[in-house]
Amino acid sequence: PSLMHRMNRMIKVIIFLTFVFAVLLLLMIGITEQRLKVGKVCFKEHCFEVDIADAPWEQQRGLMFKNHLEKDKGMLFVFEKEDVYPFWMKNTLIPLDIIWINQAKEVVFIKENALPCYQDDCPIIEAGQKAKYVLEVNGGVAQEISLAIGDKMY
């Protein structure tokens, strides 16, 4: 084939690849910008409006890159089965209380004021207890509402 023919074919391939890349980029943006389901979690008389993270991609992102969380808001991670679920604070910009809750909806472990981590090697936070749910709220909230092991979530 002539040089002109090869250049035309190359231009068509570049245009096609650019189009595919743009579509994939838009799909990725759409997925990350989807609004999470919202629910309500209460302990005694204290309630929180929570984003529900029940899909793996939602759980992986969690509250990363969020620079503000209103006092009465949080994120509830809902797992398929009760198990030991470690967490970390990588790319999390605000201190959090992390609360592990078992299948019976009882608090089994509280990590108060987990600090943000901006490095690559962030410490793992483990409850050492099986949980079905993990709740993240602003740091200091658990103490403020006198949350304790054994308290029930409803």
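Procedures and definitions
- Residues numbered from 1 in each chain as written.
- Predicted model: local features only at pLDDT ≥ 70, side-chain atom pairs only at ≥ 80, totals over all residues.
- Heavy atoms only, no water.
- Helix = DSSP H or I, 4+ residues; strand = E, 2+ residues; numbered from the N terminus.
- Rg over C-alpha atoms; globule rule 2.2 N^0.38 Å.
- Buried < 20%, exposed > 50% of the residue type's maximum accessible area, 1.4 Å probe, protein only.
- Phe/Tyr/Trp six-rings, centres within 6.5 Å; stacked < 30°, edge-to-face > 60°.

When you go through the protein residue by residue, the secondary structure sums to three helices and six strands. Its helices and strands taken in sequence order, the protein reads α-β-β-α-β-β-β-β-α from the N to the C terminus. What you see for the protein is a C-alpha radius of gyration of 22 Å, clearly larger than the 15 Å of a compact globule of 154 residues, by over 25%. Dimensions along the principal axes, computed over C-alpha positions, put the protein at roughly 80 × 30 × 30 Å. Across the 154 residues of the protein, 37% fall into the buried class.

Glancing now at the packing of aromatic side chains. If you walk through the whole model with that rule in mind, you get four aromatic pairs. When the centroid spacing of 3.7 Å and the interplanar angle of 10° are considered together, the rings of Phe 79 and Tyr 85 count as stacked. Residue Phe 79 is classed as buried on the basis of its relative accessible area, which comes to 10%.

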